[in-house]
Amino acid sequence: MPEGDTVWLAAHRMNTALAGATLRRGEFRLPQLAALDLTGATVREVVPRGKHMLIRLADERTLRTHYRMDGSWHIYRPGARWRGGPGYDVRVVLATDEWECVGYRLHDVEIVPTADEGRLVGHLGPDVLGPDWDLEEALRRLRSHPDEQIGVAILDQRNLCGPGNLYKVEALFLCGVHPWARVADVDARLEPLVTRARTLMLANRNRPEQSTTGDLRRGQDHWVYGRKNKPCRRCRTPILMGDQGPHTQERVTYWCPRCQTARSPVDPLARTGEPGRPRPLATPG
């Protein structure tokens, strides 16, 4: 699933293309919205909220989209060939005189009065990349579930929104926290852990590449993520991989068994698997 910095970058690019412009085409290719036409509407702004994108219109309506696992927005000049996938994957088309924004495989596409945005995103915790980031509130929400596994709690967008599996894995490693430790067992390290995840996301939000090591070269860009059985960059111990999370919602987790000593008897078996797919971007065509 795309990380919050992916959505932040996409929203920034979409805002540059659409803000203040009138749509000459506003088309939905979804059964529930097929009859809706936004042609003639003016876009006020495009903003991210965690992993959600909010496209606010001047008539006080908001279009919300979510990438989930495979969605993406692509931006093209008029007349350019769309390259985000087959035509049947297109869900939304928003075009002005200068840009065409094409949404592929988007999920949770919904339009509501802007005043009702809270119904869609009001349950989310503080936005790690938002202008109103509130560290203390994020920590309060995490601590309200002391028996939750820290790796699960960091991904729960109701605690803090934006971090995905990559930043969870990398921040846990850099702070020496075992993914299966209880929140209560790492209380003293919660603040540096959340702060580290935010620092990593801030460092990457203005570029499509995601590096947690400071090295953008492929294979050198992450500490443990996607590196099953490869030597830890700190201690040379082979990196382990396992599934973590509720049934049907498991996420692949990587950790170093030496640098991240387990603080609970739960230590899942590693399994084989592949690193996550490249993240989708909103990029100029």
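Reading guide: rules and limits
Residues numbered from 1 in each chain as written. Predicted model: local features only at pLDDT ≥ 70, side-chain atom pairs only at ≥ 80, totals over all residues. Heavy atoms only, no water. Helix = DSSP H or I, 4+ residues; strand = E, 2+ residues; numbered from the N terminus. Expected span 1.5 Å × (residues − 1). Buried < 20%, exposed > 50% of the residue type's maximum accessible area, 1.4 Å probe, protein only. Axes fitted to C-alpha atoms, helices over the stretch in contact; angles between N-to-C directions. Parallel < 35°, antiparallel > 145°, perpendicular 65-115°, else oblique. Left-handed = near helix turned anticlockwise from the far one by under 90°. Contact = heavy atoms within 4.5 Å. Nonpolar A, V, L, I, M, F, W, Y, C, P; charged D, E, K, R; others polar. Salt bridge = Lys/Arg side-chain N within 4 Å of Asp/Glu carboxyl O. UniProt positions renumbered as here; feature names shortened; annotations may be inferred. Pairing = 2+ DSSP bridges.

(A) Representation of helix α1 (residues 4–18) within the structure. Here α1 spans 20 Å end to end across 15 residues, near enough to the 21 Å set by a 1.5 Å rise per residue. Counting buried positions over the 15 residues of α1 gives 11, a clear majority of the element. Looking only at α1, the buried set comprises Gly4, Asp5, Thr6, Val7, Trp8, Leu9, Ala10, Ala11, Met14, Ala17 and Leu18. Looking one or two residues beyond α1, the residue adopting positive phi is glycine 20, at roughly 85°.

(B) How the structure looks around the packing of helix α5 (residues 165–174) against helix α6 (residues 187–204). Viewed as axis vectors pointing N to C, α5 and α6 meet at an angle of 125°, and their least axial separation amounts to 9 Å. Between α5 and α6, the angle is such that the two are oblique. Between α5 and α6 lies a crossing whose hand is right-handed. For the pair formed by α5 and α6, the contact residues are Tyr167, Glu170, Ala171, Leu172 and Leu174 on the first element and Leu193, Arg196, Ala197, Leu200, Met201 and Asn204 on the second. When the residues that make up the contact of α5 with α6 are grouped by side-chain class, the tally is 8 nonpolar, 1 polar and 2 charged.

(C) Representation of the pattern of salt bridges. Enumeration over the complete set of coordinates arrives at 18 salt bridges. Ionic pairing is found between glutamate 117 and arginine 56, a salt bridge with its closest N-O pair at 2.8 Å. In this pair, glutamate 117 is assigned in the loop between β8 (107–113) and α2 (118–121) and arginine 56 in strand β3 (residues 52–57), connecting sequence segments 61 residues apart. With relative accessibility at 9%, the residue glutamate 117 sits in the buried group.

(D) Highlighting the environment of leucine 57. Following the sequence through the fold, leucine 57 ends up in strand β3. Taking C-alpha positions, leucine 57 is 32 Å from alanine 197, a pair spaced 140 residues apart along the chain. Ignoring any residue separated from it by four or fewer positions in sequence, one finds leucine 57 in contact with Leu38, Ala41, Thr42, Val43, Arg44 and Ile111.

(E) Representation of the UniProt feature "domain: FPG-type" (unreviewed entry) in the protein chain. Within this structure's numbering, the places UniProt gives as "domain: FPG-type" (unreviewed entry) are residues 223–261. End C-alpha atoms of residues 223–261 are separated by 16 Å, and the span's content is 0% helix alongside 26% strand.

(F) Seen up close, the sheet that holds strand β6 (residues 90–95). If you walk across this open sheet you meet the 4 strands as β1-β6-β7-β5, and the pairing is antiparallel. Both edges of this open sheet fall to β1 (25–28) and β5 (72–76), since each of them pairs with a single strand only. Looking at each pair of strands side by side, their axes are set apart by 15° on average, direction ignored. Sheet strands in contact with α1 are β5, β6 and β7 (100–104), and its direction is about 35° off that of β5.

(G) Up close: the pairing of β3. Counted residue by residue, β3 has 6 buried out of 6 residues, so it is predominantly covered. What you see with β3 is no split at all: His52, Leu54 and Arg56 on one side and Met53, Ile55 and Leu57 on the other are buried throughout. Counted between consecutive antiparallel strands, the loop separating strand β2 (residues 43–49) from β3 contains 2 residues, among which glycine 50 sits at a positive phi close to 60°. Connecting β3 to the antiparallel partner strand β4 (residues 61–66) that follows it, the hairpin turn spans 3 residues, and glutamate 60 within it adopts a positive phi of roughly 70°.

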